[in-house]
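Structure assessment
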Amino acid sequence: MQDLEPMPDKTFWLFDLVDFAENELHEKGVVGKLKFEKLNVKVREELRKEDLYIGQWDLAINFRGPVDPGLSRLLDKYQKLELFELEEFQNKTLKYSLTEKGKKFKQGCEKYFSRINPNFHSALDRVHIMLSKEINKSGKELVETSEDIQKMKKEILGEKIK
């Protein structure tokens, strides 16, 4: 196995995903648990395509495709640490956004990894290019149109019945 420069774990990528959404969407955050789950999977897969991420980021499969089984608990912990805000949006779903403390944490991690890993910015750019294509889709659209998600779903559940 080749020696890899340290790359942030999924915590950083969750913060980066929400920060990206806050800057790109009029909702100023990620709206919907399904959308958050699927964008999280897309980030993971984008990093794995080029071996930019090696580490613990396990997925499970449910009827809507791959999910990160510990994501809800992790987000609850970040909320208790006042890093994330989870709020009701339009009385029907959750909106995920960063607090000021969360933004500072993310910026500190970004600064640290940009200093110790010469490949960090290329990984960040790859993720942002992918997110710019996917961020405006709903969770349902991500499940239905993402080749990565459909491929993982088919590996476990078989072909989709129409």
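These lines cover the structure that appears in this document, whether it is placed above or below. Since this is a predicted model, take the numbers as computed values, not measurements.

1. With respect to the nonpolar core
Core analysis: the biggest nonpolar cluster contains 35 residues, and W13, F36, V43, L75, Y78, F84 and L131 have the highest contact counts within it. Counting only elements with at least two residues in this core, the list comes to α1 (10-24), α2 (33-49), α3 (71-80), β4 (84-89), β5 (93-98), α4 (100-116) and α5 (120-134). Top element by residues in this core is α1. It accounts for eight residues. Filtering out sequence-adjacent residues up to four positions away, V43 remains in contact with W13, W57, V127, M130 and L131.

2. What to know about the environment of S97
Mapped onto the secondary structure, S97 falls in strand β5. Since its relative accessible area comes to 4%, S97 is described here as buried. Spatially, the C-alpha atoms of S97 and F15 are 8.8 Å apart, while their sequence positions differ by 82 residues. Ignoring any residue separated from it by four or fewer positions in sequence, one finds S97 in contact with V18, E22, K28, L83, F84, E85 and E87.

3. A closer look at the side chain of T11
Here T11 shows up in helix α1. Classification of T11 as buried rests on a relative accessible area of 15%. Setting aside its immediate chain neighbours within four residues, T11 contacts Y78 and F105.

4. Focus: the pattern of salt bridges
Enumeration according to the criterion identifies twelve salt bridges in this entry. E134 is paired through a salt bridge with K42; the nearest N and O atoms lie 3.7 Å apart. With E134 in helix α5 and K42 in helix α2, the pair connects residues that are 92 residues apart, well separated along the chain. What makes E134 buried here is its relative accessible area of 11%. Note on K42: relative accessible area 7%, which makes it buried. What you see here is one network of salt bridges that share partners, running through D16, D19, K106 and E110.

5. Here's the deal with unusual backbone geometry
Most peptide bonds take the trans configuration, and most residues that are not glycine carry a negative phi. One non-glycine residue, K28, adopts positive backbone phi at about 60°. Structurally, the position occupied by K28 is in the loop between α1 and β1 (30-31). A relative accessible area of 48% places K28 in the partly exposed class. Of note in this structure, E82 is not a glycine but carries a positive phi near 60°. Within the secondary structure, E82 sits in the loop between α3 and β4.

About the cut-offs
Residues numbered from 1 in each chain as written. Predicted model: local features only at pLDDT ≥ 70, side-chain atom pairs only at ≥ 80, totals over all residues. Heavy atoms only, no water. Core = buried A, V, L, I, M, F, W, Y, C linked by side-chain atoms within 4.5 Å. Buried < 20%, exposed > 50% of the residue type's maximum accessible area, 1.4 Å probe, protein only. Helix = DSSP H or I, 4+ residues; strand = E, 2+ residues; numbered from the N terminus. Contact = heavy atoms within 4.5 Å. Salt bridge = Lys/Arg side-chain N within 4 Å of Asp/Glu carboxyl O.

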